[in-house]
Amino acid sequence: MAPQRLLIFGFSNVATKSGFTQPTIDRLAEAAPEIDVRRLGLGALQPQVVPPYLRIAGERMGPFSHVLLEINASAFAMHPLSTEARGRECLADMVMAVHEMGAMPIFMLHYRRWNRPVVLDFDALVRRFCAELDLPLIDLAAGFVARHGQATVEGWLRDDVHTTAEGGAVMAEALAPFLLEQMDRPRPAPRSLPRPEFRRASLDPSLPGRPRDSFDISDMALDFTRLDSGENEVIALDEPLFAQGLVHLFHPAGGRAPVTLSAPGQPEAPLTLATIDPHSYVPRIGVLAFDFYRGLPVDRLTIGPTAPADDITLIKGERDAPLRSYIGPILTLEPL
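Right, let's walk through the structure included here. All residue numbers refer to positions counted from 1 along the written sequence of the respective chain. Residue-level local features of this predicted model are given only where pLDDT is at least 70; pairs of side-chain atoms are given and counted only at 80 or more, and the full residue set underlies all totals for whole chains, interfaces and linings. Heavy atoms from the whole structure form the basis of all side-chain values; hydrogens and water molecules are not counted.

**Here we look at helix 4 (residues 84-100)**
So, step 1. Between its first and last C-alpha atoms helix 4 spans 24 Å; for 17 residues at 1.5 Å apiece the expected length is 24 Å, and the two agree.
So, step 2. Residues Gly87, Glu89, Cys90, Leu91, Ala92, Asp93, Met94, Val95, Met96, Ala97 and Val98 constitute the buried set of helix 4.
So, step 3. We call two residues in contact when some of their heavy atoms are within 4.5 Å. Note on conventions: DSSP H or I runs of at least 4 residues are helices, E runs of at least 2 residues are strands, and numbering of each starts at the N terminus. Each element contacted by the buried residues of helix 4 is listed here: helix 3 (50-61), strand 3 (66-70), strand 4 (104-110), helix 5 (122-133) and strand 6 (198-203).
So, step 4. Two residues or fewer after helix 4 comes Gly102, characterised by a positive phi angle close to 75°. The span one expects for a helix is its residue count, reduced by one, times 1.5 Å. Here the term buried applies to any residue with accessible area under 20% of the maximum for its type, exposed to any over 50%, and partly exposed to those in between, with areas from a 1.4 Å probe on protein chains only.

Here's what the structure looks like:
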């Protein structure tokens, strides 16, 4: 029997030290030391980037037998362009990406105190999606409130979505045995899965002569191309493609740079690449989304010089120098 390997995949709740991830890993190591656990926490992104990064993780960190997906506490539910159709499309591609790496998907709902109106009940959508496909799901959102009470659950938060160390430990107490139960079950027979309209992948463009720096994002090292403050870069693709965004790094020496997307027969699309925000004291992945990840045609990206963003103040720590930007892959949308 192949060894059991679990990937815990999500956003800032997976990355943070006070979250559920580390105490869950500790409990799994104590109960079943033969299970190898890895994690990938991408920070404050949207579910649309999950499928391409699952595919990257499968190539660089795999193989895995199971993947835990904690993707519901993002701001996707509050975005005015979020719809059930877009949510289902993204979920279908996530499941396809997990199956491509030979693993089984497990979904987890993480509690969030919504501070703005919710446009799409993404939790409810994931519950229905998992029920339709008979996929395992643990509800540590509404289900957690039903078990412990609203006031108690919110007392385990240090802001609207991230837990205190105590809150992360309580979540791990529920999550670890659930994961052990799922990983102990026989693998179900293959079944028909919903087919997404697009396969979300990535393309790392060749930038000869540019320096490359590596950064650890949770348990995975990722390389980024460095552009110093006064430099321009034109990324010419071998053929036009449809893309949902450009990956970059948020970091304490970041700023803002103009980006222009060009494609034959299309008007140029001017955008602004911001590589620093108040949380950039910790380097983390960011994505410059093209039309809210709905995608735009592109065969050339022109990236202008990075300029200071003097209006940004880090929550803690100091800004770094010299000013620079780090560019990652282009997130593509491939019609199926």
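Structure shown, so let's carry the discussion forward.
**Things to note about the environment of Ser82**
So, step 1. Its place among the elements puts Ser82 in the loop between strand 3 and helix 4.
So, step 2. Separated by 37 residues in the primary sequence, Ser82 and Val119 have C-alpha atoms spaced 6.8 Å apart.
So, step 3. Contact partners of Ser82, with chain neighbours within four places excluded, come to Phe76, Val119, Leu120 and Phe292.
So, step 4. Within 3.5 Å is the distance limit for a polar contact, defined as a pair of N or O atoms, with the added protein rule that one can donate a hydrogen and the other accept it, and that residues adjacent in sequence qualify only through two side-chain atoms. Within the local environment of Ser82, its side chain forms a polar contact with the backbone oxygen of Phe76, the two atoms lying 2.5 Å apart.

**Some points on the pattern of salt bridges**
So, step 1. Between Lys or Arg on one side and Asp or Glu on the other, a salt bridge is scored when a side-chain nitrogen of the former is within 4 Å of a carboxyl oxygen of the latter. Following the criterion strictly, the structure yields 25 salt bridges and no others.
So, step 2. For Arg127, the salt bridge identified is with Asp139, shortest N-O distance 3.1 Å. One end of the pair, Arg127, is in helix 5; the other, Asp139, is in strand 5 (residues 137-140), and 12 residues separate them in sequence.
So, step 3. We classify Arg127 as partly exposed; its relative accessible area is 28%.
So, step 4. Here Glu233 and Arg210 are joined by a salt bridge, their closest N and O atoms 2.6 Å apart. With Glu233 in strand 9 (residues 233-250) and Arg210 in the loop between strand 6 and strand 7 (212-217), this pair connects stretches of sequence that are 23 residues apart.
So, step 5. With relative accessibility at 12%, the residue Glu233 sits in the buried group.
So, step 6. Here the salt bridges do not stand alone but share partners, grouping Arg55, Glu89, Asp93, Glu100, Arg199, Arg200 and Glu334 into one network.

**Notes on the packing of aromatic side chains**
So, step 1. A pair of Phe, Tyr and Trp rings is counted when the ring centres sit within 6.5 Å of each other, with Trp represented by its six-membered ring. The angle between the planes then sorts it: under 30 degrees is stacked, over 60 is edge-to-face, the rest tilted. On inspection of all chains with the given rule, the structure shows eight aromatic pairs.
So, step 2. Aromatic pair Phe107 and Phe129: ring centres 6.4 Å apart, planes at 75°, arrangement edge-to-face. Within this pair, whereas Phe107 is found in strand 4, its partner Phe129 is found in helix 5, the two being separated by 22 residues in sequence.
So, step 3. We classify Phe107 as buried; its relative accessible area is 0%.
So, step 4. Since its relative accessible area comes to 2%, Phe129 is described here as buried.
So, step 5. Ring centres 6.1 Å apart and planes at 70° place the aromatic pair Phe292 and Tyr293 in the edge-to-face group.
So, step 6. On the accessibility criterion, Phe292 (11% relative accessible area) is buried.
So, step 7. Members of the aromatic cluster, joined through ring pairs, are Phe76, Phe122, Phe292 and Tyr293.
So, step 8. Sitting over the face of the ring of Phe250, Arg284 holds its NZ or CZ atom 4.4 Å from the ring centroid. Each ring is checked for a lysine NZ or an arginine CZ that lies within 6 Å of its centre and within 35 degrees of its normal; such an atom marks a charge sitting over the ring.

**As for the packing of helix 2 (residues 21-31) against helix 8 (residues 165-184)**
So, step 1. Taken N-terminus to C-terminus, the directions of helix 2 and helix 8 make an angle of 45°; their axes are 8 Å apart at the nearest point. It follows that helix 2 is oblique to helix 8 by the angle criterion. Of the two possible hands of crossing, helix 2 and helix 8 adopt the one that is right-handed. Mapping the contact onto sequence places Pro23, Thr24, Arg27, Leu28 and Ala31 in helix 2 and Gly168, Ala169, Ala172, Glu173, Leu175, Ala176, Leu179 and Leu180 in helix 8. Orientation is described by lines fitted to C-alpha atoms, with helices fitted over the stretch in contact, and by angles between N-to-C directions that extend from 0 to 180 degrees. We call two directions roughly parallel when the angle between them is under 35 degrees, roughly antiparallel when it is over 145, roughly perpendicular when it lies between 65 and 115, and oblique otherwise. Whether a crossing is left-handed or right-handed is set by the direction in which the near helix is turned from the far one by less than a right angle, anticlockwise for left-handed and clockwise for right-handed.

**Regarding the sheet that holds strand 1 (residues 5-10)**
So, step 1. Two strands qualify as a pair provided that DSSP identifies no fewer than 2 bridges between them. The strand order across the open sheet formed by five strands is 2-1-3-4-5, and the pairing between neighbours is parallel. Edge strands, defined here as strands with exactly one partner in the open sheet, are strand 2 (36-41) and strand 5. Averaged over neighbouring strand pairs, the angle between their axes works out to 15° when direction is ignored.
So, step 2. As defined by bridge partners, strand 1 adjoins strand 2 across six bridges and the pair is classed as parallel. Counterpart to Arg5 in the pairing with strand 2 is Asp36.
So, step 3. Where helix 3 meets the sheet, it contacts strand 1, strand 2 and strand 3, and its direction lies at approximately 150° from that of strand 1.
So, step 4. Packing of helix 8 onto the sheet brings it into contact with strand 1, strand 3, strand 4 and strand 5, and relative to strand 5 it is tilted by some 175°.

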